[in-house]
Amino acid sequence: MYERAFRFANHETEIAYDGTEALLRLETMNPLPDIVALDAIMPKMNGLEVLQEIRSTERLKNIPVVILTNSIKKEDAEEFLKLGASFFLIKMDQDSREIVRKIEEIIKANESNIKKV
């Protein structure tokens, strides 16, 4: 559903079906993506583990990461944000167009920060 929403908004997407595959794809991507969206719950490696790997890898550490999940525990959001997630979105609270809009805002803000450096 989200892939279609992003493509409809003219964004290119890459889909990984588990955390391990996501990291393997990121390691070989050139250019790097503008943003990574992770679910908190994924096979092989969960979102927290993938985020930790992204943040500890020099080449990947500056990519904005958004967590898309239906986990609504406050502690979950705090943990992801503490580890460097840019945003934590609850899927069931928003429709796919709203999620695309929020992610576009994060990409635009990140592009502005890069240009200022």
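For the structure, check the block above.
What you see is a predicted model, and the numbers here were worked out from it, not measured in a lab.

## Quick notes on the pairing of strand 2 (residues 65-69)
Of all 5 residues that make up strand 2, 5 are buried, and the element is covered over most of its length. The alternating pattern of strand 2 places Val-65, Ile-67 and Thr-69 on one face and Val-66 and Leu-68 on the opposite face, and all of these are buried. Of the pairings in the sheet, the one linking strand 1 (residues 36-38) to strand 2 comprises 3 bridges and is parallel in character. Across the sheet, residue Leu-38 finds its bridge partner in strand 2, namely Ile-67. Following the chain from strand 1 across helix 3 (residues 47-56) to the adjacent parallel strand 2, one finds a crossover that is right-handed. Pairing analysis gives 4 bridges linking strand 2 to strand 3 (residues 87-90), with the strands arranged parallel.

## Observations concerning the layout of surface pockets
As a volume, the largest pocket reaches approximately 1100 Å³. If you go around the largest pocket, you meet 31 residues; those closest to its centre are Thr-13, Glu-14, Ile-15, Ile-35 and Ala-37. When residues of the lining of the largest pocket are traced back to their parent elements, those giving at least two are helix 1 (2-8), helix 2 (19-28), strand 1 and helix 5 (96-116). For the lining of the largest pocket, the class distribution of residues is 20 nonpolar, 3 polar and 8 charged.

Conventions adopted
- Residues numbered from 1 in each chain as written.
- Predicted model: local features only at pLDDT ≥ 70, side-chain atom pairs only at ≥ 80, totals over all residues.
- Heavy atoms only, no water.
- Buried < 20%, exposed > 50% of the residue type's maximum accessible area, 1.4 Å probe, protein only.
- Helix = DSSP H or I, 4+ residues; strand = E, 2+ residues; numbered from the N terminus.
- Pairing = 2+ DSSP bridges.
- Right-handed = clockwise from strand over helix to strand, strands pointing away.
- 1 Å grid on protein atoms, 1.4 Å probe; cavity = no way out; pocket = protein on both sides within 12 Å on 5 of 7 lines; lining within 4 Å.
- Points joined across faces, edges and corners; volume = space filled by probe spheres on them.
- Nonpolar A, V, L, I, M, F, W, Y, C, P; charged D, E, K, R; others polar.

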